[in-house]
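Tertiary structure, described
What follows is each chain in one-letter form.
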Amino acid sequence: MSFLNDTSLTPVSFILNGIPGLEEVHLWISFPLCTMYSIAITGNFGLIYLIYSEEALHRPMYIFLALLSFTDVLMCTSTLPNTLCILWFNLKEIDFKACLAQMFFVHTFTGMESGVLMLMALDRYVAICYPLRYAAILTNSVISKAGLLTFLRGVTLVIPFTFLTKHLPYCRGNVIPHTYCDHMSVAKISCGNVRINAIYGLMVALLIGGFDILCITISYTMILRAVVSLSSADARQKAFSTCTAHICAIVITYVPAFFTFFTHRFGGHTIPPHIHIIMANLYLLMPPTMNPIVYGVKTKDSVIKLFQGEKDPSIQDK
């Protein structure tokens, strides 16, 4: 086969086939994707700059938000430029090593996204359940170490994906029916046994997503118990309001993520491929696009003051 190396069944390159069945409307599909990507880049960099420039926002909650925004930018940038090249210019070929690198970055940053949301839930737990010790518990050192450990967790668990995928035999062809390289999309075109890939993928999902969701659930259970015990209705409302933006971010992130994960493994024959691929793209685009909007509303007073050239003397956790 011309697309294979002479000494192995490793392809020189893959062909990312875009969205099968919707080739005639690739250009039209690209416009909403490009618009969402532009909003994601502008909004997240805007949030990062706002948090950096406003001293009143140099608090654990907003530092975690800046980390979330930075992760969002990296997550969507790992795929969208390549996807737009496919939809606009029909540039479908991707080098084998570049495909593995894209796979690594996609899964690392999605794992990082989940981890940061978990850290933000723990932040809200400490803020509501231990308000007097909040600053003492969540110091800059603790925040830095938590962010680094979350990143290293993702890297450590995702690296085996690349090794497992690299050593699969690809004798069925090199066409991937997708807009970017992700683990199972690449593994499925192999003619080898991909059971280990599927099992390891499930293990990573449980170790990252399952663990993070468990921590988030426990955190909000403790928050709910603490809030319900408050005697003042105003205090309960204020405590709940500090969590609304984070809850929205959780829903925006995990709903498309669960859809993508389960359809890859259990819904391959019942859900049309183009639906799955569109949802896989939205899974990487929705959080980066919506999070700046959600948190922009939360920090709207600071945004207004920043554009007016004023410094916000104090930002209350809403």
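Source: prediction; values computed, not measured. Here the residue index of a chain counts from 1 through its sequence in written order. Since the coordinates come from a predicted model, pLDDT governs what is reported: local features require at least 70, and pairs of side-chain atoms require 80 or more to be given and counted, while whole-chain, interface and lining totals use all residues. Processing note: side-chain calculations cover all non-hydrogen atoms of the structure and skip hydrogens and water entirely.

**Regarding the overall build of the chain**
The numbering of helices and of strands both runs from the N terminus, where a helix is a DSSP run of H or I of at least 4 residues and a strand a run of E of at least 2. Of regular secondary structure, the chain possesses 12 helices and 3 strands. Burial here depends on accessible area, computed with a 1.4 Å probe over protein chains only, as a share of the maximum for the residue type. Under 20% is buried, over 50% is exposed, and the range in between is partly exposed. Taking all 318 residues of the chain together, the buried fraction comes to 48%. The contact definition used throughout considers only heavy atoms, calling two residues in contact when any of these lie within 4.5 Å. Across the chain, the fraction of contacts at a sequence separation of at least 24, relative to all contacts at a separation of at least 6, is 78%. All accessible areas in this document rest on Shrake-Rupley with a 1.4 Å probe, and a residue is counted as covered only by the protein chains that are shown. Accessible surface for the chain amounts to roughly 15,600 Å². Of this, 70% is attributable to carbon and sulfur atoms.

**A closer look at helix H11 (residues 273-298)**
In this scheme, a helix's expected span is set at 1.5 Å multiplied by one less than its residue total. Look at H11: 37 Å from first C-alpha to last across 26 residues, which is about the 38 Å you get at 1.5 Å a residue. Two axes enter the bend calculation: one fitted to the seven residues ending at the residue in question, the other to the seven starting there, and the bend is the angle between them. Along H11, the sharpest change in direction is near 35° and occurs at Leu285; proline Pro287 comes one to four residues later.

**Overview of the packing of aromatic side chains**
Between the rings of Phe, Tyr and Trp (Trp by its six-membered ring), a pair exists once the centres lie within 6.5 Å; its type follows the angle of the planes, with under 30 degrees stacked, over 60 edge-to-face, and the other angles tilted. Across all of its chains, the model carries 10 aromatic pairs by this definition. Relative to Tyr130, the ring of Tyr125 lies with its centre 5.8 Å away and its plane at 80°, an arrangement referred to as edge-to-face. Given the relative accessible area of 36%, Tyr130 is considered partly exposed. Among the aromatic residues, those joined into a ring-pair cluster are Phe14, Phe96 and Tyr170.

**Comments concerning the sheet that holds strand S3 (residues 175-176)**
The 3 strands are arranged S2-S1-S3 in an open sheet whose pairing can be described as mixed. Looking at strand neighbours, the two that pair on one side only are strand S2 (93-95) and S3, the edges of this open sheet. Pairing of strand S1 (residues 13-16) with S3 involves 2 bridges; the strand directions are parallel. From the neighbouring strand, Leu16 faces S3, where its bridge partner is Ile176. Helix H4 (residues 96-129) contacts S1, S2 and S3 of the sheet and is inclined by roughly 85° relative to S2. When DSSP finds at least two bridges between two strands, those strands are taken to pair. Angles here are taken between N-to-C directions and fall from 0 to 180 degrees, while the axes themselves are lines fitted to C-alpha atoms, restricted in helices to the stretch in contact.

**Notes on the pattern of salt bridges**
The term salt bridge refers to a pairing of a side-chain nitrogen on Lys or Arg with a carboxyl oxygen on Asp or Glu at a separation within 4 Å. Within the structure shown, the criterion is met by 2 salt bridges. Asp123 is paired through a salt bridge with Arg124; the nearest N and O atoms lie 2.9 Å apart. No difference in accessibility class separates Asp123 from Arg124, as the two residues are buried. A salt bridge links Arg153 to Asp212, with the nearest nitrogen and oxygen atoms 2.9 Å apart. Taken as a pair, Arg153 in helix H6 (residues 140-166) and Asp212 in helix H8 (residues 195-228) lie far apart in primary sequence, 59 residues in all. Here Arg153 falls in the buried class, since its relative accessible area comes to 19%.

**Examining the environment of Ala205**
Looking at the element boundaries, Ala205 is found in helix H8. Exposure remark for Ala205: the relative accessible area of 25% places this residue in the partly exposed category. Other than its neighbours up to four places away in sequence, Ala205 contacts Gly210 and Phe261.

**What about the UniProt feature "transmembrane region" (unreviewed entry) in the chain?**
As annotated by UniProt and renumbered to match this structure, "transmembrane region" (unreviewed entry) occupies residues 27-52, 64-89, 101-122, 134-159, 198-227, 239-262 and 274-297. Regarding residues 198-227, the helix share stands at 100% and the strand share at 0%, and the terminal C-alpha atoms are separated by 41 Å. UniProt positions are given in the numbering used here, feature names are shortened, and annotations may be inferred rather than shown by experiment.

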